[in-house]
Amino acid sequence: MRNFQKVLFIIALLFLSTQTFRHVYTKWFEPKESILVKYNEDVEKDIAKSKDIKELLALYDNAYKKVKEYEKNTENIDHDKMYHEEPYKTERTLKQAIEKWEEDNLEIQKMRFFWFCGFFSILIGFIVYAFIEQWVGIVGIITGFLEMIFWTCPTIFGFFGPRFQFDKLLNNKLIFSVISWILLIIVWLLLYKFPGKQNRDRHL
């Protein structure tokens, strides 16, 4: 059992350490803008400078009204070109930015939910390990750390999109990765020092 625990600990520590380093690099050292940013169109610059979803929604509302006004005053609309020309192009670009914000926001919610599911799995697994059955308890602990590792893994960042929401996602993943790393060390020390039910039974 001890050797098995050591192998699992090393593997988990490897994954958590490397992805935490990746988060640190992305947050503080990775270039935030492409050298081609100066060629971005105005709408892309507005998206990049947005501080919250309300600013994006205000931009989209204005673009949406321009589309409706254009359609109202235009008799023959070329549907083959409408998505590549104004005012449709700006409206579509802003819509994609909002959808990207929604994706990042959903990922934050899912990450927090499944991370805490992992935490409770570890807690229950440790109790089972200590008082009922070691192997069943280890399964709960493994499941918990797998959830934590998976949901805090790095997210690919693109140059386009609202940066503020990605920063929030990155901060969450960095914080929870560090907490997971610390928790892994604590659990390992507890398991190493705690004999478990089977080991205690042998000494009775």
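Okay, so let's go over this structure. The numbers attached to residues start from 1 for each chain and follow its sequence in the written order. Residues qualify for local features only when their pLDDT is at least 70, as the model is predicted, and side-chain atom pairs are given and counted only at 80 or more; totals for whole chains, interfaces and linings, by contrast, use all residues. Side-chain calculation: all heavy atoms of the structure are included, whereas hydrogens and water are not.

### As for the packing of helix 4 (residues 88-131) against helix 5 (residues 134-151)
Contact pair helix 4 / helix 5: the axes reach a minimum separation of 7 Å and the direction vectors enclose 160°. For the element pair helix 4 / helix 5, the angle class is roughly antiparallel. Considering the relative orientation of helix 4 and helix 5, their crossing is left-handed. Listed contacts from helix 5 to Lys110, Met111, Phe114, Trp115, Gly118, Phe119, Ser121, Ile122, Gly125, Phe126, Val128 and Tyr129 of helix 4 are Gln134, Val136, Gly137, Ile138, Gly140, Ile141, Thr143, Gly144, Phe145, Glu147, Met148 and Trp151. An axis is simply a line fitted to the C-alpha atoms; with a helix, the fit covers only the stretch in contact. Between two such axes, the angle follows the N-to-C directions and lies from 0 to 180 degrees. Helix and strand assignments follow DSSP, with helices taken as H or I runs no shorter than four residues and strands as E runs no shorter than two, numbered in order from the N terminus. Roughly parallel means an angle under 35 degrees; roughly antiparallel, over 145; roughly perpendicular, 65 to 115; everything else is oblique. Note on convention: near helix rotated counterclockwise from far helix by under a right angle means a left-handed crossing. Clockwise means right-handed. Whether two residues touch is decided by their heavy atoms; if any such pair falls within 4.5 Å, the residues are in contact.

### Quick word on the packing of helix 2 (residues 42-49) against helix 4
For the pair helix 2 and helix 4, interaxial distance at closest approach is 10 Å and the crossing angle is 25°. Considering their axes alone, helix 2 and helix 4 lie roughly parallel with respect to each other. Seen along the crossing, helix 2 lies across helix 4 with a hand that is right-handed. Of the residues in helix 4, those in contact with Val43, Glu44 and Ile47 of helix 2 are Thr90, Thr93, Leu94 and Ala97. Each residue gets one label: Ala, Val, Leu, Ile, Met, Phe, Trp, Tyr, Cys and Pro are nonpolar, Asp, Glu, Lys and Arg are charged, and the others, such as Gly, are polar. Residues of the contact of helix 2 with helix 4, tallied by class, amount to 4 nonpolar, 2 polar and 1 charged.

### Thoughts on the pattern of salt bridges
Whenever Lys or Arg places a side-chain nitrogen within 4 Å of a carboxyl oxygen from Asp or Glu, that contact is recorded as a salt bridge. As enumerated under the stated definition, the model contains 6 salt bridges in all. Linking glutamate 71 and lysine 68 is a salt bridge whose minimum nitrogen-to-oxygen distance equals 3.9 Å. Remark: lysine 68 and glutamate 71 occur in helix 3 (residues 53-73); sequence separation between them is 3 residues, near one turn of the helix. Only protein chains enter the accessibility calculation, which uses a 1.4 Å probe. A residue is then buried if its area is under 20% of the maximum for its type, exposed if over 50%, and partly exposed in between. Assessed through its relative accessible area of 40%, lysine 68 is described here as partly exposed. We note a salt bridge from lysine 100 to aspartate 104, for which the minimum N-O separation is 2.8 Å. One end of the pair, lysine 100, and the other, aspartate 104, are both in helix 4, 4 residues apart, so they sit about a helical turn from each other.

### Focus on helix 1 (residues 2-28)
By this rule, a helix spans an expected 1.5 Å times one less than how many residues it contains. Spanning 27 residues, helix 1 covers 38 Å between terminal C-alpha atoms, matching the ideal 39 Å at 1.5 Å per step. The set of residues buried in helix 1 consists of Gln5, Phe9, Ala12, Leu16, Ser17, Gln19, Thr20, His23 and Thr26. Against helix 4, helix 5 and helix 6 (163-193) lie the buried residues of helix 1.

### Some remarks on the side chain of threonine 20
Relative to the elements of secondary structure, threonine 20 occurs in helix 1. Given the relative accessible area of 10%, threonine 20 is considered buried. Polar contacts, as counted here, are pairs of nitrogen or oxygen atoms within 3.5 Å of one another; within protein the pair requires one atom able to donate a hydrogen and one able to accept it, and residues that are adjacent in sequence qualify only if both atoms are side-chain atoms. From its side chain, threonine 20 meets the backbone oxygen of leucine 16 in a polar contact 2.6 Å long. Leave out the neighbours within four places in its chain, and threonine 20 touches Leu174, Ser177 and Val178.

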